Amino acid sequence: MTRFSIFGYYGQGNAGDEAILAALIDGIQAELPDANISVCSARPNATKTEHRVNAYPYFGIDLKAIVKGILGKNRIGYLNAIISFFRSDVIVIGGGGLFFDTPETNKWFFGYINLIRRAKRFGKKVALVGISVGPLHHKGSEQAIAETFALVDLISVRDNRSKETLIRCGVDESKINVIPDLVFTLESASEKRVVNILKKESFPLKGCRNIALTPCSYNTEQPGWLEQYVEFCEHAVAELNCNLWLIPMQRHECHDDLGAIERIYSNLSPEAQNKTYKLCGLYNAKEIQGIISKADCVLAERLHGSIMAINTNTPVMSIAYMPKVAGVLKLAGLQNRIISNDDFLSGNFLSKTLLFYKQSAAAQLNSIKQHPRLLAKQNFKHLHHII
């Protein structure tokens, strides 16, 4: 039996990252049925319930952290974390955009770097699976990447831009595997469960076409963000005679997409509001993918909203608010689905996007020559190989 400990942005209410975790767990269990999996999470109890694996809180293993952990109120959780870490054979970090910094600082960037170094110090295999790297603004970040990534046993990035960034940092090109995002392997919740959710939320399934939108709360203060969402919604309702489904993909006290959705909704005309539906409940990643599958088209700002649409053969246009969005879609051969952030904020996307939705779904789906799912599953073959 191989013991895995998985680290990433988990337990933060982000459907994209929870989709990554679900895909990782399902993929490891399919490839290695006797695997024992634990997850480091901001909310371990929620992770245990949702993903049915052992989970433990964030922890440190320097002297100060050990003393604080043993003497603190959550000493049982801390001890569970320490025991899980030291018993693990493989430390998996991923996936998602975990290795980047900002022009202001790279202070927190070193959390995963230090984790890798400590894991290797204790003789663990380390696999970086389905990650993005960059943007990097500090020489210290680039140097840390070069030195630390040389120690790991597997590097899998989800876009070519990340590979180019690693090579520029000095990472050996032969160590870098470029493989589509892990979420391309995600399965949806059952048909029955999805239909029940839509009924509970009073989402229409018959009559008009339904366009799903996945706004991102990170971007609400960008000039033009709110105005362009409102403009799109008004035109879509008027020209396409459709319903709009507004789907939050992160529900967290610091970043809540439902708050962004409320801003859009409150600025719509009464006519558009009457055709707009907000997803207000809390749902897991597989359920959200199932909901997206019931839409006729998708306008996705959230990266994994795009991937979930592709997984379910739902025509999608994607707002590339960060380089990772364009990188992941380009690797999947879907360059024609990308809306640059500048085009979105300026309104230059509107005519192209409405035309896309007016065309037949079948014609759009034919542009996907090979679904990225089979390629994304290579991640688990590589994981198996390093054991």
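Located above this text is the structure these notes cover.
Please read all numbers here as calculations on a predicted model, not as lab measurements.

A few words now on the overall build of the protein. When helices and strands are counted, the protein shows 19 helices and 13 strands. Relative to the compact-globule value of 21 Å for 387 residues, the protein shows a C-alpha radius of gyration of 21 Å, a close match. When burial is assessed residue by residue, the protein has 56% of its 387 residues classed as buried. In the protein, 71% of the contacts between residues at least 6 apart in sequence involve partners at least 24 apart. Carbon and sulfur atoms make up 51% of the accessible area of the protein, which amounts to about 16700 Å² in all. Counting 44 positive and 36 negative side-chain charges, the protein places the averaged centre of each group 7 Å from the other.

Looking now at the nonpolar core. In globular proteins that are soluble, nonpolar side chains generally tend to be buried together. Phe4, Ile6, Leu24, Ile28, Ile37 and Leu383 are the most contacted members of the largest nonpolar core, which has 63 residues in total. Those residues in contact with Ile6 that lie beyond four places of it in its chain are Leu21, Leu24, Ile25, Ile28, Ile37, Ser38, Val39, Cys40, Val92 and Gly94. Tyr78, Ile116, Leu166 and Val171 belong to the second largest nonpolar core, which has 34 residues in total.

Should their charged atoms come close, side chains of opposite charge can pair. Enumeration according to the criterion identifies 14 salt bridges in this entry. Among the salt bridges present, the one from Lys120 reaches Asp153, with a minimum N-O distance of 2.9 Å. Here the residue Lys120 occupies a position in helix H5 (residues 110–121), and Asp153 occupies one in the loop between helix H6 (139–149) and strand S6 (154–157), the gap between them amounting to 33 residues. In this structure, Glu239 engages Lys358 in a salt bridge whose closest nitrogen and oxygen atoms are separated by 3.4 Å. Taken together, the residues span a long stretch of sequence, with Glu239 in helix H9 (residues 225–240) and Lys358 in helix H16 (residues 350–358) at a distance of 119 residues.

With that settled, consider the pairing of strand S1 (residues 3–7). A large share of S1 lies buried, amounting to five of its five residues. Along S1, one buried face is formed by Arg3, Ser5 and Phe7 and the opposite face, lined by Phe4 and Ile6, is buried too. Here S1 runs beside strand S2 (residues 36–40); their pairing, made up of four bridges, is parallel. By the bridge assignment for S2, Phe4 is matched with Ile37. As a crossover connection, the stretch from S1 through helix H1 (residues 15–31) into S2 is right-handed. Strand direction decides the pairing type here: S1 and strand S4 (residues 90–99), joined by four bridges, are parallel.

Strand S8 (residues 209–214) sits mainly inside the fold: five of its six residues count as buried. By the bridge criterion, five bridges tie S8 to strand S9 (residues 242–246) in an arrangement that is parallel. The partner of Asn210 across the bridge, within S9, is Asn243. For the handedness criterion, the β-α-β arrangement of S8, H9 and S9 is classed as right-handed. As paired elements, S8 and strand S11 (residues 297–300) share four bridges and run parallel to each other. Bridge pairing in S11 links Ile211 to Cys297.

Pairing is parallel across the open sheet formed by six strands, whose spatial order is S10-S9-S8-S11-S12-S13. Every interior strand has two partners, whereas the edge strands, strand S10 (276–278) and strand S13 (338–340), have only one. With direction set aside, neighbouring strand axes in the sheet form an average angle of 20 degrees. Where S11 lies against strand S12 (residues 316–320), three bridges are found, and the strand directions are parallel. Directly across from Leu299, in S12, lies its bridge partner Met317. Across the sheet, H16 is in contact with S8, S11, S12 and S13; its angle to S12 comes to roughly 155 degrees.

Right, let's get into the packing of H6 against helix H7 (residues 160–169). At a closest axis distance of 8 Å, the pairing of H6 and H7 adopts a crossing angle of 90 degrees. Viewed along their axes, H6 and H7 adopt a mutual orientation that is roughly perpendicular. Where H6 abuts H7, its residues Glu142, Ile145, Ala146 and Phe149 lie against Leu166, Arg168 and Cys169. Looking at the contact of H6 with H7, its residues break down into five nonpolar, no polar and two charged.

Once that is clear, we can look at the sheet that holds strand S7 (residues 176–178). Reading across the sheet, the seven strands line up as S3-S2-S1-S4-S5-S6-S7 and stay open at both edges, with parallel pairing between neighbours. For this open sheet the edge positions go to strand S3 (54–56) and S7, each flanked by a neighbour on one side alone. When the angles between neighbouring strand axes are averaged without regard to direction, this sheet yields 20 degrees. Pairing analysis gives eight bridges linking S4 to strand S5 (residues 125–133), with the strands arranged parallel. Bridge assignment links Phe99 to a residue of S5, and that residue is Val133. Along the sheet face, helix H2 (residues 44–51) touches S2 and S3 and points at about 165 degrees away from the line of S3.

Looking at the secondary structure, you find Ile76 in helix H4 (residues 75–87). The exposure class of Ile76 is exposed, given its relative accessible area of 69%. The sequence separation of Ile76 and Arg117 amounts to 41 residues, and the corresponding C-alpha distance is 25 Å.

The rules behind the values
Residues numbered from 1 in each chain as written. Predicted model: local features only at pLDDT ≥ 70, side-chain atom pairs only at ≥ 80, totals over all residues. Heavy atoms only, no water. Helix = DSSP H or I, 4+ residues; strand = E, 2+ residues; numbered from the N terminus. Rg over C-alpha atoms; globule rule 2.2 N^0.38 Å. Buried < 20%, exposed > 50% of the residue type's maximum accessible area, 1.4 Å probe, protein only. Contact = heavy atoms within 4.5 Å. Areas by Shrake-Rupley, 256 points an atom, 1.4 Å probe, with all protein chains shown as cover. Lys, Arg positive; Asp, Glu negative; His and termini not counted. Charge placed at Lys NZ, Arg CZ, Asp CG, Glu CD. Core = buried A, V, L, I, M, F, W, Y, C linked by side-chain atoms within 4.5 Å. Salt bridge = Lys/Arg side-chain N within 4 Å of Asp/Glu carboxyl O. Pairing = 2+ DSSP bridges. Right-handed = clockwise from strand over helix to strand, strands pointing away. Axes fitted to C-alpha atoms, helices over the stretch in contact; angles between N-to-C directions. Parallel < 35°, antiparallel > 145°, perpendicular 65-115°, else oblique. Nonpolar A, V, L, I, M, F, W, Y, C, P; charged D, E, K, R; others polar.

Geometric descriptors of this kind do not, in isolation, establish any biological role.
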